[in-house]
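Tertiary structure, described
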Amino acid sequence: MPRTLFDKIWEAHSVGTRVDGRVLLYMDRHVLHELHAPHAFRKLQAANRPVRRPDLTFSAMDHTASSLPLAQQTPNAQTQAIVDAMREGSRRNGIRIFDIGDPEHGISHVVAPELGMVLPGATHAVPDSHACTVGGLGALAFGVGTTELEHILATQVLALARPKRMRIRLDGTLGPQVESKDVALRILSQIGVAGGRGHILEFSGPVARALSIEGRMTLCNLSIEMGSRSGMIAPDDATFNWIAGRPWAPQGAMWDEAIAYWRTLPTDDDAVFDKEVVVECTGLEPQITWGTDPAQVVGISGRVPDFSSVDTSKRAALEKSLAYMGLAAGDMIEGLPVQRVFIGSCTNARLPDLEVAANILRGRKIAPGVKALVVPGSAKVKRDAEAKGLDRVFRDAGFVWGETACSMCAGANGDRGEPGDRVLSTTNRNFENRQGPGVRTHLVGAALAAAAAVTGRITDVRKLVAGGA
Amino acid sequence: MEKFTSVTGVAAPLIEDDVNTDQIAPVGGGPRLNQNYSEILFLNRRKRPDGSVDTDFVFNKPQFARPSILVTGRNFGCGSSRESAVWAMAAIGIRCIVARSFADIYRENCLQNGVLPVTLSVADTEVLEARVLEANGATPFTADLENQRIVGPDGSAFSFELPPADRMRLMEGLDDIGLSLKLDSEIDAWEKRISIEMPWMQRAFQN
Ligand code: SF4
């Protein structure tokens, strides 16, 4: 039977079937974070259950971490209690923690791949819906709830009903200043926020193959916005080269054995998917969201859509979205004034994202009145960026160069906008109030974010680079 | 976990699509270790943009203060994986959510917490939504898992199907971890086999 990438990983990790019909899927790696793990630690302790594989479990400190310089970080009683519980629970259970100030500190979905902890064909669980990011390496990742987290700690398996498979083929080639994020937003506008529900996605086709590994992670990161619990791209030589030599990657003979196995993973030619979608990417413009749902997307030269033909049951929600965003049907997106820019998050805060933005900011200044913040996805990204002098580029342009954290992505650390602010953000969710009460979020790639910081308006980065904006 | 056979009580209507977990359980005043989950349920939706109480919002209406059933639209619970978005429902007494469809992780989190996720046929959904709006909290509805049906105040019944595995878990209130640990020796055997066949999978930390 021809099999898909997903089938191969699923079958290799199926431990058995439970009496209720659920399959126990072994989790090769499990990364926790402080927002949810303390609850699970408490419940495990109450039930007197040990952590089965502390050696395959790691603790990140990302959601509540401060983006202020380390010396200026002041404890906040509320988040300090969470951080303390995380440290205590990790220590008690023998789990290695990537703590604030450690060289491995950062957003879990950025740190795990860069360490070589996540590998092609492996399974990965994180109590955070963007676990799917690491699908860019050809790993099958699951964002889990708190009860599932506790379950994995106790058993190292996840009990699942087998999901369906959906392939999204990305045809064509990408033009200048068009990034992986734009492709993801384009897919969202085509299939909607529930398009992938019940399915594991596989992104394929020439555009997926041509993306950098970081770009693949950006694309897979948005699988959850497409309604899917996970999305993957089959591993290839680019993947192996990216992993080779990373601190935790297999070495020597084991590396050769691993590669030989990884080469068997890509979907067989005649394998069948439950659902297939084709997205044409040639001619794609930089994309931007206009509403409060990540599928409400237009090209940068586009206008806010007109809903007069939409059926009335749906129109109310669309109008509510527009009212929140302070927009009207038919408005041009380009030219809208912007108060804040945020470059960061597990979606777009790896080194190439920072390079894209820095290339636009070099020799330019941000517009007066704009507040611009860049927060590297990990301490390693920050170090690598500083070694290349990118911090100077951002600072000289007028950006604040933050310590690694989730920061303004969800605002759990207090980094938020002011009510009414229009924010260009490289993150993944533009929900109402996510970046602060009344904050209007437009999701974009790093290039559009940098361009808007420079002009103080939503700007077609291609024109800015050509000297026309 | 509490066993689920049937629940009877007020059905609250929130007939909207794509209600996300940021709306259901906002991180609001910042994350905390000991949260009162009923306080965060739809915290921002309960207020108008000027900060005043939105008396038109369903959960602010006195008849919907302690509902047992929620009736809602498509893709309910999309967004983040936070389980607090189910705990907050359970905290005000909701044991059953009837949605046109559910986001995957949210549905799973419901099952983990003894909350019954139901989807009906499109035709039945429309009728049920109309009945729930009409009842306006005055007359009770029943979610009957044993017979897999929702029963309205006039006795009209809408049948649904839950996968047998999910039904069994809810009806027996099974401890999920205990259920999995019945396969403990299979887990051991898998680990032993893989550490020989693919040693890199069973070792995360290479020094
Ligand atoms: S950066 Fe945002 S989406 Fe990513 S893990 Fe942090 S809060 Fe979640």
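Residues numbered from 1 in each chain as written. Chains lettered and ligands numbered in written order. Predicted model: local features only at pLDDT ≥ 70, side-chain atom pairs only at ≥ 80, totals over all residues. Heavy atoms only, no water.

**Re the overall build of chain B**
Cut-off, in case you're wondering: Helix numbering and strand numbering both begin at the N terminus, where a helix is a DSSP run of H or I of at least 4 residues and a strand a DSSP run of E of at least 2. Note on exposure labels: buried denotes an accessible area under 20% of the residue type's maximum, exposed denotes more than 50%, and partly exposed covers the range between, all computed with a 1.4 Å probe on protein chains only. Contacts are assigned to residue pairs that have any heavy atoms within 4.5 Å of one another. Here the open area of atoms and residues is found with the Shrake-Rupley method and a 1.4 Å probe, where only the protein chains shown may cover a residue.
Within chain B, the secondary structure is distributed over eight helices and eight strands. With respect to the principal axes defined by its C-alpha atoms, chain B has extents near 65 × 45 × 25 Å. By the burial criterion, 56% of the 207 residues in chain B qualify as buried. If you take every contact in chain B between residues at least 6 apart in sequence, the share linking residues at least 24 apart comes to 66%. On chain B, roughly 8600 Å² of surface is accessible, and the fraction owed to carbon and sulfur atoms is 49%.

**Describing the overall build of chain A**
Note the cut-off: As defined in this context, the radius of gyration uses C-alpha atoms, and a globule is described by 2.2 Å times the residue total to the power 0.38. Positive: Lys, Arg. Negative: Asp, Glu. His and the chain ends are not part of the count. A single reference atom marks each charge: NZ on Lys, CZ on Arg, CG on Asp, CD on Glu.
Per the secondary structure count, chain A includes 16 helices and 19 strands. Relative to the globule expectation of 23 Å for 469 residues, the C-alpha radius of gyration of chain A, 22 Å, shows essentially globular dimensions. In terms of overall dimensions, chain A has C-alpha extents of about 60 × 55 × 50 Å along its principal axes. Residue burial in chain A is summarised as follows: out of 469 residues, 66% are buried. In chain A, once contacts between residues fewer than 6 apart in sequence are set aside, the share between residues at least 24 apart is 76%. Surface accessibility of chain A: about 15200 Å² in total, with carbon and sulfur atoms responsible for 52%. The averaged location of the 51 negative side-chain charges in chain A is 3 Å from the averaged location of its 52 positive side-chain charges.

**Examining the side chain of Ser66 of chain A**
Residue and element names in this part refer to chain A. Applicable threshold: Polar contacts, as used here, are pairs of N or O atoms within 3.5 Å; protein pairs need one atom able to donate a hydrogen and one able to accept it. Residues neighboring in sequence count only if both atoms are side-chain atoms.
Topologically, Ser66 is positioned in the loop between β4 (57-60) and α3 (77-92). A distance of 3.0 Å separates the side chain of Ser66 from the backbone nitrogen of Leu68, its partner in a polar contact. Look past the residues within four positions of Ser66 in its chain and what remains in contact with it is Gln73, Glu403, Thr404, Ala405 and Asn413.

**Structural notes on the pattern of salt bridges**
A side chain with one charge may pair with a side chain of the opposite charge, provided their charged atoms come close. Let me state the cut-off plainly: Each salt bridge in this description consists of a side-chain nitrogen of Lys or Arg and a carboxyl oxygen of Asp or Glu lying within 4 Å of one another.
Counted by the stated rule, this structure contains 50 salt bridges over all chains. Across the pair Glu11 of chain A and Arg162 of chain A runs a salt bridge, and its minimum N-O distance is 3.2 Å. Here Arg162 of chain A lies in the loop between β8 (157-160) and β9 (164-171) and Glu11 of chain A lies in helix α1 (residues 5-13), a separation of 151 residues in the sequence. Classification of Glu11 of chain A as partly exposed rests on a relative accessible area of 36%. Where Arg429 of chain A meets Glu225 of chain A, a salt bridge forms, and the shortest distance between an N and an O atom there is 2.8 Å. With Arg429 of chain A in the loop between β18 (422-425) and β19 (440-443) and Glu225 of chain A in the loop between α8 (213-221) and β11 (230-232), the pair connects residues that are 204 residues apart, well separated along the chain. Overall, the relative accessible area of 2% leaves Arg429 of chain A in the buried class. Residues participating in the shared-partner salt-bridge network are Arg18, Asp20 and Arg22 of chain A together with Arg107, Glu108, Asp166, Arg169 and Asp176 of chain B.

**Some remarks on the sheet that holds strand β15 (residues 340-343) of chain A**
All names here are of chain A. As a reminder, the rule being used: Two strands make a pair as long as DSSP finds a minimum of two bridges between them. All axes here are fitted lines through C-alpha atoms, helices being fitted over the stretch that makes contact, and every angle between N-to-C directions spans 0 to 180 degrees.
Strand order in the open sheet made by the five strands is β17-β16-β15-β18-β19, with parallel pairing throughout. Single-partner strands in this sheet number two, and they are β17 (400-401) and β19. Strand direction decides the pairing type here: β18 and β19, joined by four bridges, are parallel. Counted as the bridge partner of Ser425 is Leu443 from β19. Running over the sheet, helix α15 (residues 446-455) touches β15 and β18 and is turned about 150° from β15.

**Comments concerning the site of the ligand**
All names here are of chain A. For the record, the criterion: We call a residue near a molecule or strand whenever a single non-hydrogen atom of that residue lies within 4 Å of it. Here the term cavity refers to a set of points on a 1 Å grid, laid over the protein atoms alone, in which a 1.4 Å probe fits but cannot get out; the term pocket refers to an open set having protein on both sides within 12 Å along at least five of seven lines, with lining residues being those that place an atom within 4 Å of a point. Being in a pocket or cavity means that more than half of the molecule's atoms lie within 2 Å of its grid points. Those domain boundaries reflect an automatic or database domain assignment.
If you check the shell around the ligand, you find His63, Ile107, His109, Asp128, His130, Ser345, Cys346, Cys406, Cys409, Ala410 and Asn428 and nothing else. A majority-of-atoms criterion places the ligand in the largest cavity. Two domains each put at least three residues into the shell around the ligand: domain 1 (5-161) and domain 2 (288-466).

**So, the domain arrangement of chain B**
Each assigned domain of chain B is listed with its residue range as follows: domain 1 (6-161) and domain 2 (175-207). Placing the centre of domain 1 of chain B and that of domain 2 of chain B at their C-alpha centroids yields a distance of 38 Å.

**Notes on the sheet that holds strand β4 (residues 96-99) of chain B**
Residue and element names in this part refer to chain B. Spatially, β2-β3-β4-β5 is the arrangement adopted by the four strands of the open sheet, whose pairing is parallel. Looking at the sheet topology across the chains shown, the edges are occupied by β2 (11-14) and β5 (116-118). Looking at each pair of strands side by side, their axes are set apart by 20° on average, direction ignored. Examined bridge by bridge, strand β3 (residues 69-72) and β4 share four bridges and lie parallel to one another. Note on β4: the bridge partner recorded for Ile69 is Cys96.

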